[in-house]
6 protein chains.
Amino acid sequence: MFTSINKLPNPLPESDEPNPKAAQALQEGLGGQFGEMRTMMQYLFQNINFRGDAKPYQDLLRSIATEEMGHVELISNTINVLLEGSTTQADPNKLPLAVALESPNIHHFLVAGQSCRPVDAAGNPWSATYVYDSGNLVLNMLYNLILEATGRLQKCRLYEMSDNKAYRATVSYLIVRDLAHEKVFAKALETLGVDWNKTLPVPKVDTSKMPEVRELEELNLHNQQWTFTEEQSGLSLIFSGESPFKDGQVETLDGLPKGAAIPNLPEAPQEFSPGLDKELKSKFQNLMKST
Amino acid sequence: MFTSINKLPNPLPESDEPNPKAAQALQEGLGGQFGEMRTMMQYLFQNINFRGDAKPYQDLLRSIATEEMGHVELISNTINVLLEGSTTQADPNKLPLAVALESPNIHHFLVAGQSCRPVDAAGNPWSATYVYDSGNLVLNMLYNLILEATGRLQKCRLYEMSDNKAYRATVSYLIVRDLAHEKVFAKALETLGVDWNKTLPVPKVDTSKMPEVRELEELNLHNQQWTFTEEQSGLSLIFSGESPFKDGQVETLDGLPKGAAIPNLPEAPQEFSPGLDKELKSKFQNLMKST
Amino acid sequence: MFTSINKLPNPLPESDEPNPKAAQALQEGLGGQFGEMRTMMQYLFQNINFRGDAKPYQDLLRSIATEEMGHVELISNTINVLLEGSTTQADPNKLPLAVALESPNIHHFLVAGQSCRPVDAAGNPWSATYVYDSGNLVLNMLYNLILEATGRLQKCRLYEMSDNKAYRATVSYLIVRDLAHEKVFAKALETLGVDWNKTLPVPKVDTSKMPEVRELEELNLHNQQWTFTEEQSGLSLIFSGESPFKDGQVETLDGLPKGAAIPNLPEAPQEFSPGLDKELKSKFQNLMKST
Amino acid sequence: MFTSINKLPNPLPESDEPNPKAAQALQEGLGGQFGEMRTMMQYLFQNINFRGDAKPYQDLLRSIATEEMGHVELISNTINVLLEGSTTQADPNKLPLAVALESPNIHHFLVAGQSCRPVDAAGNPWSATYVYDSGNLVLNMLYNLILEATGRLQKCRLYEMSDNKAYRATVSYLIVRDLAHEKVFAKALETLGVDWNKTLPVPKVDTSKMPEVRELEELNLHNQQWTFTEEQSGLSLIFSGESPFKDGQVETLDGLPKGAAIPNLPEAPQEFSPGLDKELKSKFQNLMKST
Amino acid sequence: MFTSINKLPNPLPESDEPNPKAAQALQEGLGGQFGEMRTMMQYLFQNINFRGDAKPYQDLLRSIATEEMGHVELISNTINVLLEGSTTQADPNKLPLAVALESPNIHHFLVAGQSCRPVDAAGNPWSATYVYDSGNLVLNMLYNLILEATGRLQKCRLYEMSDNKAYRATVSYLIVRDLAHEKVFAKALETLGVDWNKTLPVPKVDTSKMPEVRELEELNLHNQQWTFTEEQSGLSLIFSGESPFKDGQVETLDGLPKGAAIPNLPEAPQEFSPGLDKELKSKFQNLMKST
Amino acid sequence: MFTSINKLPNPLPESDEPNPKAAQALQEGLGGQFGEMRTMMQYLFQNINFRGDAKPYQDLLRSIATEEMGHVELISNTINVLLEGSTTQADPNKLPLAVALESPNIHHFLVAGQSCRPVDAAGNPWSATYVYDSGNLVLNMLYNLILEATGRLQKCRLYEMSDNKAYRATVSYLIVRDLAHEKVFAKALETLGVDWNKTLPVPKVDTSKMPEVRELEELNLHNQQWTFTEEQSGLSLIFSGESPFKDGQVETLDGLPKGAAIPNLPEAPQEFSPGLDKELKSKFQNLMKST
């Protein structure tokens, strides 16, 4: 089971201006083959189907699976923030939703009520065929390492596509967290004997040119992994000591990050969302008072 | 964000005998169009994309989304328990995995290591095209009601396909919880004005002929909804008072059910799962001692 | 069986100017998850698989399924009209099909001969996974209600994306007819006991700001349902009397609307469509004379 | 537009015994890549997107598209008849739906209420990617010829898989009608210049060994094509005179076949289909009396 | 088995300017329903599954299957050449990958490292559902004829979408080779009895207005078919003598074309491709010296 | 470009008895997510899209891509051999194709003419979404290593599902070759710095219990890699010296294996394959004589 904390893992600034194209690019991180829906589901399935008594690896999978649920929330909210205002701040001489015809994902406006969708940046719906779970521990860890590295590679590419503030904040946070996860899986393989030497991480990035990323690294976020549970976890048996990339010390932290507020999305009458008229609103208000 | 509790929502007895066909039937409840992966994702997206200030409905979505994560775990573990033993308890004159050629989902044995897959009972992979989120509150609540009712309809059909103990335990629990969820969404629509009269619930089932279901109803599990959070939730504003089906009182409970142990899956050497040889095992054991 | 009438249900003006982007947006109404191909197929399957003696509901499904076949034609023709001229009216200094590289659906020009395709507005092909048929009467009627309401919601959003004349004519007609269908299914559920009070219709729209829609409402098209057959139909048992939305009287009409001409598409030599050279044309002309 | 006639194109005997495996095999003819849903949709799209003034070919497409709608009904009803009784005639010592675990398509019982689904014989959902419409007249006619020939090839294979009476009746009817359609498209190409010599039809079948097929050929059903409209049609300009396969005379008939009764499916309480309890039934009965 | 020749079938000029839109249009020829991946796979499967002793037709399939492998290479390289420079030649005031947000296929930049993908021009991944193999010789040959004709039709449309030099070079080569293949399959059917008269080829194109195509025809490339093997092939039994389109003589050539250099793609550090840092490069350089 | 050699890489004995279930299991190795179509396409795309001057790795990809083409042929032919006789050797009192209703993939008989299909063992068509090509050299090599290891894991599972002679011959050959490929990619990563220690290979298999595998290992087939070209290849720079798994010496061989005969499939008149009647056969025979 899981319980919910009504917070995002990282603060999300308002978008400096609406940007449906950047929003659509970010969809890759949500519903792409190497996005957060996939990491969440892949680790969850590997955790559930785990066999044998090497439980610290099972705990490790559970912790990261749980963190990824929060990443799904973070990136979804970022997409929404990037879409916000794109129809209302438009030229008043234009039709309210005319912007939809110029956007790379018309479904943001036509199917959803100006919000994110479980698809990738090219519009392909997320598919469970992405989930890899071979039952073999070494293979699963190796694949997860690649999954994180590929996710981070794509986010480094995303970083260079737009400098919108909200976009950059989330992309940078995920670059840092993907690096931490890459270390977790690399470390797990190190405990089984692999010496990565200088091959990892991939991609090799000079974060001195990525100020938003560098700032988060200064908080040591790229070397830490929370357990995302109040229970005992074997994660710390694996994730401690020298980094598998020979760049410092890694550490396991109990629990989860402090978190930041989830943005409130205003009504979007042009989208009929939530679409409550005066009568339905008054019903709802009576309900609120009824306590 | 979410945190993890290492428990299942309901106790899971061992399977009285391995049953790959029943396991495959249960896949509908996991990866089917009306299964738990879908409810979990649909409510999560509706929660994230919620607009306006009718927050109790947003809280309601978050609570049930979180519960569904635990249902994904419950049904996955049940499939695994049904598969367990199917290869090792087989005729010693037969090949270890010969049973795979007689099973409705050869991928259980060939792709996964004798465990569940994110597919439906006909083998179709789960697809995010299933997720419905229109942005419109009334439509979303109506759809969610149908989603739960259809899920329960399918589980009532599943109930009559096998009487395996582990299978029945989980199917029955989900029949009861789907009914509770059906009530939550029916009640939400009632707060907005709908009078369901005698049309709901669907399906109409005489649980006196379903002893495992009846037993759970005696615990009142079909009238309760947990918040699945330690925080305040507006859920209780909606889900309290008379049942929308006129069959008693419903209630909101803070937190989550007590939970039950998650089964341990033994090694499956015939599947190379987890596939650690003596040397890798000894590495792992050193790790365990290192604490 | 079905027979064909060589007419569209509603007149289709010429497009005031070619508009491939509006054409692509309209594809959602043709091949989208809540478009006309889906309604047509869903009602057809529910009609065929109907069980028991509540035949008026079966008749109802058949009538609307048949109407939807005509809607598929109407919206397809509208897309074609919107595409017409987009290559020939282009800048003579440009290549004939250069416009294809700037259009949201290059397949309109590259795969089809400048005409519609069975896909949605994001380019996803229509899939039979969309078809819902649970076998349960109440669930089917509820789902159909949502299907019509969601279709209308999307068309109301489409309305605000372009004011092209041909586009608006068809979008408006479908907004009105979807409302009629929403009423049919709401009424069907009312006959079984549901009181919708003020929750429906969704979306709630002020058609005084949608002149093309208002005009059609003045013909009472939003309160009428044809049987689309010359035979007896039980539809009128269900669809008569007060509107389930308490906004007037609804009525069942025998037969079908008068209809309007289907546009003729000219040859498109730049598309090799139909691609008959002089010799093949002369063969065809001889054929015509042969009568 | 289209209108509905509440009849099947060919009489459908009751199944001599329930046969879920034969039912699933028949799904290929319904939802397969070369099945009736595809022919119906392909010809409908080609008809709508037709360019230029060679209208008899457009009429031809419309007539066959309309006939295919009735074939969808015929084959769907046949699948239903083959499924009927499979659960109720089962061993009373077994669970009501236990047969579902032994059937090739569990969805017939679990998702639908013991009825057909828009999928092929391997369970793949029908997809609009199947629809071919190039805009080019010669290519479209050639493809349609192959489509009919491949459909007939598959039906000839289906014929040899089971001798169930209802199954054979429909398979045989479709073998004959597919041959007629193969002739229509071959003839259309002949009018443009192709001489098929002895290459067609494919497959070459000795129907003296297929008594049910032979019987229908004796009615000349393999040489006739109805217009499926009460209006003028150019079809007869193309489809008349000597068969393109040099095996007799072909002819165009106005209107449509006389038709036969559509079977009534009884209630299936084990499937909760239609699932009306006493109260809902009484509501429905009052409705019936209200006239 | 197959062996590799490190050459392209036709010379590939550098692109005169980067053109991501033309690159994406070309994807149809690579991963589209009628593109080179499909022809290659369809003929390979038909070759492998061939039954009976009409071996020249089997040889024919093998030769063209092998040629198509080289076409996959040619068109992939052309897409890469069209993408090359699109990020580096961009405005230095812009972000390195900002062009990705304006491109029709963001995956070219975000998923691949600025290179081609196995998808069509609308972004749909190639699917093996495209592969047609009925087992029937006449049907297979007929379908292959349509496949080539449709491929050529689409390439003729592509020709008119851009005049980029690299784009035109490859499109023109494929127009000519598709015509040759169309002749091969038409000829194969002629050997079995069909007389095509003037219906073929489709499309009918005046290549005097397509100088790049005309130039290749002057080399007689539209009348020749290589065997793509050093072994004996029955191809020449079929493909010799008068063209089935009555436009000259066709001929079978042993072996394969002379070929042209495959372009070298430079490093793309903005894409982390290949992403070797100094240390990894020095390892690689040591490796090179080690010989 | 490629050229064809009309041989299989390994001898293929006749199947000791027809086995449609084993045939369908083998489909995973052909059209599965980790099957030969995927390895072939993944390496081909990575080869084409290769950037920079580390050409030996590009050569390596080309060699293995080319070998995989032959594996596609080998496994396809094996499936065909397993299907052969399943209909003709059946009970003469049964219908010719009745076996199709009892087979896990009815499409083998209904769609193909008793032969293989481009699908996996659960019937899912192969999809290009499987192809991984990140542009990053280290990631690509790591992924390819997993791809081979997972393919071998699945083949080791397949080994234990049936002991049919033809099945075992091919499964064993692929187990050995996948191990060789796993070594190639592991070695490639070793040249960049990774020390695998005892973590590889996965799976760890005791081949003394797999006699067919052991026999091939005695030929050293698990330590060799052919270049599959007559040209220079940089492969030997990478693949030579000590095995990355510390189990001996690896070596690069020029050219390709000697190869073995491809089986001839007889006519299958019950499948209308190839479906030539007396007249068409005589046309073909005249053609043969014409030389």
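Quick look at the overall build of chain A now. Looking only at helices and strands, chain A features nine helices and four strands. Secondary structure elements in chain A, listed N-terminal to C-terminal, are β-α-α-α-α-α-α-α-β-α-β-β-α. Here the C-alpha radius of gyration of chain A, 21 Å, is about what a compact globule of 291 residues would show, namely 19 Å. Projected onto its principal axes, the C-alpha positions of chain A cover 65 × 45 × 35 Å.

In this fold, Leu110(E) is placed in helix 4 (residues 107-110). Under the relative-accessibility criterion, Leu110(E) is labelled buried at 0%. With 75 residues separating them along the chain, Leu110(E) and Gly35(E) place their C-alpha atoms 23 Å apart. Not counting residues within four places of it along the chain, the set of residues in contact with Leu110(E) comprises Ala25(A), Glu28(A), Ala121(A), Gln154(A), Arg157(A), Leu158(A) and Met161(A).

Take the interface of chain D and chain C next. The figure often quoted for interface size is the accessible area lost as the parts come together. Of the residues lining the interface, 86 residues belong to chain D; the matching set on chain C comes to 86 residues. Summed over both sides, the interface between chain D and chain C buries roughly 7,400 Å², with carbon and sulfur atoms accounting for 60% of that surface. Of all residues in chain D, Met1(D), Thr3(D) and Arg51(D) give up the largest surface area on contact with chain C, accounting jointly for 14% of the area buried on that side. In this assembly, chain D and chain C are joined by four salt bridges. The salt bridge involving Glu84(C) is made with Arg51(D); its shortest N-O contact spans 3.0 Å. Counting the contacts that link chain D with chain C gives 47 residue pairs in polar contact (both at pLDDT 80 or more). Every element with two or more residues in the side of chain D that touches chain C is listed here: strand 1 (2-4), helix 2 (36-48), helix 3 (55-83), helix 5 (137-159), helix 8 (235-238) and helix 9 (278-289) of chain D. The element contributing the most residues to the side of chain D that touches chain C is helix 3 of chain D, with 12 residues. As defined by bridge partners, strand 1 (residues 2-4) of chain C adjoins strand 1 of chain D across three bridges and the pair is classed as antiparallel. Residue pairing across strands places Phe2(C) opposite Ser4(D), the latter belonging to strand 1 of chain D.

Turning our eyes to something else, we now look at the sheet that holds strand 4 (residues 249-253) of chain C. Judged by pairing direction, the sheet is mixed, and its three strands sit side by side in the order 2-4-3 (chain C) without closing on themselves. At either end of the open sheet lies a strand with only one pairing partner, and these are strand 2 (224-226) and strand 3 (241-242) of chain C.

Mapping chain F onto chain E leaves a residual RMSD of 0.0 Å; the transformation is a rotation of 180° accompanied by 0.0 Å of translation along its axis. As the rotation angle and translation indicate, the two copies are arranged about a two-fold axis. Among all residues of chain F, the one whose C-alpha sits closest to the rotation axis is Ser127(F), at a distance of 2.3 Å. A share of 100% of the interface residues of chain F reappears at the interface of chain E, consistent with the copies meeting face to face through the same patch.

Turning our attention to the relation of the copies chain D and chain C. A rotation about an axis combined with a shift along that same axis relates the two copies of the chain. Of the two same-sequence chains, chain D is brought onto chain C (RMSD 0.0 Å, axial shift 0.0 Å) by a rotation of 180°. When the interface residues of chain D are mapped onto chain C, 100% of them again fall at the interface, so both copies present the same face.

In this section: the interface of chain F and chain E. Across the contact, 86 residues belong to chain F and 86 residues belong to chain E. Together, the buried faces of chain F and chain E total about 7,400 Å²; carbon and sulfur atoms form 60% of this surface. Our count for the chain F to chain E interface comes out at four salt bridges. For the side of chain F that touches chain E, the secondary structure elements donating two or more residues are strand 1 (2-4), helix 2 (36-48), helix 3 (55-83), helix 5 (137-159), helix 8 (235-238) and helix 9 (278-289) of chain F. Residue contributions to the side of chain F that touches chain E peak at 12 residues, all from helix 3 of chain F.

Now for the packing of aromatic side chains. Within the structure shown, the criterion is met by 45 aromatic pairs over all chains. Their ring planes at 65° and their centres at 5.5 Å tell us that Tyr132(D) and Phe34(E) sit as a pair that is edge-to-face. Here Tyr132(D), found in the loop between helix 4 (107-110) and helix 5, pairs with Phe34(E), found in the loop between helix 1 (20-31) and helix 2 (36-48), and the two come from separate chains. The interplanar angle of 85° and the centroid separation of 5.9 Å between the aromatic rings of Trp126(F) and Tyr130(F) together place this pair among those described as edge-to-face. Lying across the ring of Phe34(A), Arg38(A) places its NZ or CZ 5.1 Å from the centre.

Turning our attention to helix 7 (residues 211-218) of chain B. All names here are of chain B. Turning to helix 7, its buried residues number three or more, namely Val213, Leu216 and Glu217. In a view along the axis of helix 7, the buried residues occupy a sector of 105°, so they form one face of it. Pointing more than 90 degrees away from the buried face of helix 7 are the exposed residues Glu215 and Glu218. Taken together, the buried residues of helix 7 touch helix 5 (137-159) and helix 6 (165-191). Following helix 7 by one or two positions, Asn220 adopts a phi angle in the positive range, close to 70°.

As a further point, take the sheet that holds strand 3 (residues 241-242) of chain D. Residue and element names in this part refer to chain D. With mixed pairing, three strands are arranged side by side in an open sheet as 2-4-3. Lying at the two open borders of the sheet, with one neighbouring strand each, are strand 2 (224-226) and strand 3. Each of strand 2, strand 3 and strand 4 (249-253) is contacted by helix 6 (residues 165-191), which is oriented at about 85° to strand 2, the strand it contacts most.

With that settled, consider the packing of helix 5 of chain B against helix 6 of chain B. Residue and element names in this part refer to chain B. At their nearest, the axes of helix 5 and helix 6 sit 8 Å apart, and the two run at 155° to each other. In terms of orientation, helix 5 and helix 6 fall into the roughly antiparallel class. Helix-helix and strand crossings are classified by hand; for helix 5 and helix 6 the assignment is left-handed. The residue makeup of the contact of helix 5 with helix 6, split by class, is 17 nonpolar, four polar and six charged.

Let's shift gears to the pairing of strand 4 of chain C. Residue and element names in this part refer to chain C. The alternating pattern of strand 4 places Val250 and Thr252 on a buried face, while none of Gln249, Glu251 and Leu253, on the opposite face, is buried. Bridging between strand 2 and strand 4 involves three bridges; their strand directions are parallel. Following the sheet pairing, Gln224 is matched in strand 4 by Glu251.

On to the side chain of Arg38(B). Residues and elements named next belong to chain B. Here Arg38 shows up in helix 2 (residues 36-48). Buried within the structure, Arg38 lacks any salt-bridge partner; Glu28 is the closest side chain of opposite charge, at an N-O distance of 9.3 Å. Looking at Arg38, its side chain comes within polar contact range of the side chain of Gln42, at 2.7 Å.

This brings us to the arrangement of the chains. In this structure chain A stays clear of chain D, and the shortest span between their C-alpha atoms is 15 Å. There is a gap between chain B and chain E: no contact, and a shortest C-alpha distance of 15 Å.

Another point: the confidence of the model for chain A. Across chain A, pLDDT averages 96, with 99% of residues at or above 70. In the predicted assembly, ipTM is 0.97 and pTM is 0.98.

All names here are of chain C. The topology assignment puts Glu67 in helix 3 (residues 55-83). Given the relative accessible area of 2%, Glu67 is considered buried. C-alpha of Glu67 to C-alpha of Pro257: the two residues are 190 residues apart in sequence and 9.7 Å apart in space. Side-chain polar atoms of Glu67 contact the side chain of Gln225, separated by 2.9 Å.

Mapping Thr207(C) onto the fold places it in the loop between helix 6 (165-191) and helix 7 (211-218). Not counting the four nearest positions on each side in its chain, Thr207(C) is found in contact with Val213(C), Arg214(C) and Glu217(C).

Counted according to the given criterion, the structure contains 96 salt bridges over all chains. Among the salt bridges present, the one from Lys198(C) reaches Glu279(A), with a minimum N-O distance of 3.1 Å. Of this pair, Lys198(C) sits in the loop between helix 6 and helix 7 while Glu279(A) sits in helix 9 (residues 278-289), each in a different chain. Accessibility expressed as a relative area gives 40% for Glu279(A), which makes it partly exposed. Between Lys155(B) and Glu36(B) there is a salt bridge whose closest N-O contact spans 2.9 Å. Of this pair, Lys155(B) sits in helix 5 while Glu36(B) is found in helix 2, placing the two residues 119 residues apart along the sequence. Using a relative accessible area of 1% as the deciding quantity, one classes Glu36(B) as buried. Salt bridges here are not isolated pairs; linked through shared partners, they connect Glu36(A), Lys155(A) and Asp178(A).

Thresholds, definitions, all that
Residues numbered from 1 in each chain as written. Chains lettered and ligands numbered in written order. Predicted model: local features only at pLDDT ≥ 70, side-chain atom pairs only at ≥ 80, totals over all residues. Heavy atoms only, no water. Helix = DSSP H or I, 4+ residues; strand = E, 2+ residues; numbered from the N terminus. Rg over C-alpha atoms; globule rule 2.2 N^0.38 Å. Buried < 20%, exposed > 50% of the residue type's maximum accessible area, 1.4 Å probe, protein only. Contact = heavy atoms within 4.5 Å. Buried area = accessible area lost by both parts, 1.4 Å probe. Salt bridge = Lys/Arg side-chain N within 4 Å of Asp/Glu carboxyl O. Polar contact = N/O pair within 3.5 Å; in protein donor to acceptor, adjacent residues only side chain to side chain. Pairing = 2+ DSSP bridges. Least-squares fit on C-alpha atoms with pLDDT ≥ 70 in both. Phe/Tyr/Trp six-rings, centres within 6.5 Å; stacked < 30°, edge-to-face > 60°. Lys NZ or Arg CZ within 6 Å of the ring centre and 35° of its normal. Arc of directions from axis to C-beta. Axes fitted to C-alpha atoms, helices over the stretch in contact; angles between N-to-C directions. Parallel < 35°, antiparallel > 145°, perpendicular 65-115°, else oblique. Left-handed = near helix turned anticlockwise from the far one by under 90°. Nonpolar A, V, L, I, M, F, W, Y, C, P; charged D, E, K, R; others polar. Lys, Arg positive; Asp, Glu negative; His and termini not counted. pLDDT = per-residue confidence, 0-100.

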